Amino acid sequence: MAPRANLGFMTPWRRGRSWCLLPTIVRQLDPFQLAMTPPTTYPRPLLIYGTAWKEDKTAELTKEALVAGFHAVDTANYPTAYNEPLTGDGTQAAILSGIKREDLFVRLNPIDTPSQPSATSDRTLIRASDPNQIHASVGARQERDPLPPGPGRRGPDPGVDRAVLRPPQSRLPGRPLPARAVRGRRRQRQGLEGV
Amino acid sequence: MFETYVPHRIRRLGVSNFALPQLTQVYEAATVKPALVQNRFHRPTSFDADVRAFCADKGLTYQAFWMLAHNPEIMASELVSAVAARLAVEKELAFYLLILGLGGTQVLCGTTNPGRMERNLRAVADFASDQAVRDALQPEVEAFRRLLQELTPQDGEGTKM
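Criteria and thresholds
- Residues numbered from 1 in each chain as written.
- Chains lettered and ligands numbered in written order.
- Predicted model: local features only at pLDDT ≥ 70, side-chain atom pairs only at ≥ 80, totals over all residues.
- Heavy atoms only, no water.
- Axes fitted to C-alpha atoms, helices over the stretch in contact; angles between N-to-C directions.
- Helix = DSSP H or I, 4+ residues; strand = E, 2+ residues; numbered from the N terminus.
- Parallel < 35°, antiparallel > 145°, perpendicular 65-115°, else oblique.
- Contact = heavy atoms within 4.5 Å.
- Nonpolar A, V, L, I, M, F, W, Y, C, P; charged D, E, K, R; others polar.
- Buried < 20%, exposed > 50% of the residue type's maximum accessible area, 1.4 Å probe, protein only.
- Pairing = 2+ DSSP bridges.
- Right-handed = clockwise from strand over helix to strand, strands pointing away.
- Phe/Tyr/Trp six-rings, centres within 6.5 Å; stacked < 30°, edge-to-face > 60°.
- Lys NZ or Arg CZ within 6 Å of the ring centre and 35° of its normal.
- pLDDT = per-residue confidence, 0-100.

Focus: the packing of helix α6 (residues 114–129) of chain B against helix α7 (residues 131–151) of chain B
All names here are of chain B.
- It is the contact of α6 with α7, at a shortest axis distance of 5 Å, that shows an interaxial angle of 95 degrees. As far as their axial angle goes, α7 and α6 are roughly perpendicular. Between α6, through D126, F127, A128 and S129, and α7, the contact on the second element is made entirely by Q131, V133, R134 and L137.
- In the contact of α6 with α7, the residues fall into four nonpolar, two polar and two charged.

Following this line, the structure appears as structure tokens:
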């Protein structure tokens, strides 16, 4: 039921319109500015497990997080901060221990950026402008990170729930590097990602 | 190019470290619209107020990272301490909940501590499932919005992307 204060405001809307839509409309309407205010929404899941800076503990911690109740995992083909293969291992270990694939949300950042020092990477850098490299990258992930089939899955497993694309430079021009809070030598050297 | 993989190989696409002009450009040009923006939530970008408004308008999810270690003013604020005390949680978790209270947001949590994983998950689950918890947080979320505005760099004070 719409607040009573709004009922008078609703009156002109009644003519030729269905009542049933009005409570929703009026709740979102600012009576002074006639502007639509989007209702507050809360995406699910709210909390994502960030696998950055876990290094050789990435698999163990990813599994632990998923078993503890996280439903979403964030990783990236960005070896300075992330270990994507170990995130895959941890995810698979969680699934084998009983976590359902269809309850998980796997997210990765498929493109390496020029800011990624290739010396620390065992991967070929991928450029968004090169279709062959993109095909190779997505295809390789399917083969590298196969997930076991699970009961109750709706449709084929896409393998990746969400891919996040980064701009050519991780550190955008004009964005000052925060002076504080880059923990660890590697982070200080790179001064980039971290969660 | 990645659009051709949606939704059979990749369910949804998102973007990361995008300022509003880039986001607008990609959003308008893309056939498959990004569903998510993952950005650093910190002072130099004015806490992405403009990006978050765009996300809310278009129905995109805003995913915050880089928060805990890069927001000393917020972590030291009376507000975060007060929320932490009221909910009997750590300040880090109070900060997460305030960001979630903004709406349309997700938070990246990278803790390595099993106890903290469980406490964070439990508090966020309460927030997600209990309207009373969200309602009780609302005045603090409004105070949080004001704090973000106060901390936003003014012209000449910092760079706004």
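Quick look at the pairing of strand β1 (residues 10–16) of chain B
All names here are of chain B.
- Most of β1 is tucked away, with five of its seven residues classed as buried.
- Examined bridge by bridge, β1 and strand β2 (residues 36–40) share three bridges and lie parallel to one another. Across the sheet, the residue bridging to S16 is Q38, located in β2.
- You can see the chain leave β1, run along helix α1 (residues 20–29) and come back into β2, and the turn it takes is right-handed.

Quick look at the packing of aromatic side chains
- Taken as a whole and assessed by the stated rule, the structure comprises eight aromatic pairs over all chains.
- When the centroid spacing of 5.3 Å and the interplanar angle of 85 degrees are considered together, the rings of Y42(A) and F127(B) count as edge-to-face. Pair noted here: Y42(A) is in the loop between α2 (22–27) and β1 (47–50) and F127(B) is in helix α6, and the two residues belong to different chains.
- We classify Y42(A) as partly exposed; its relative accessible area is 24%.
- Summarising the aromatic geometry, the rings of F95(B) and F144(B) are spaced 6.1 Å apart at their centres and angled 75 degrees between planes, so their arrangement reads as edge-to-face. A residue pair is termed long-range when its members are at least 10 positions apart, and F95(B) in helix α5 (residues 91–101) and F144(B) in helix α7 qualify at 49 residues. Just as F95(B) is buried, F144(B) falls in that class too.
- Chaining the aromatic ring pairs together yields one cluster made of F41(B), F47(B), F95(B) and F144(B).
- A cation over a ring is seen here: K33(B) above Y27(B), with NZ or CZ 5.1 Å from the ring centre.
- Seen from the ring of W66(B), R40(B) lies directly overhead, with NZ or CZ sitting 4.5 Å from the centre.

Comments concerning the pairing of strand β4 (residues 105–109) of chain B
- By the criterion of burial, β4(B) is predominantly enclosed, with five of the five residues buried.
- Pairing geometry for β1(A) and β4(B), over three bridges, is parallel. Its bridge partner being in β4(B), L47(A) is matched across the sheet by V107(B).

A closer look at the confidence of the model for chain A
All names here are of chain A.
- Per-chain confidence: chain A averages 59 in pLDDT, with 35% of residues scoring 70 or above.
- For chain A, per-element mean pLDDT is lowest for helix α6 (residues 185–190), which scores 30, and highest for helix α3 (residues 58–68), which scores 95.
- The low-confidence segment residues 112–129, where pLDDT is below 50, has 41 contacts with residues more than four positions distant or belonging to other chains.

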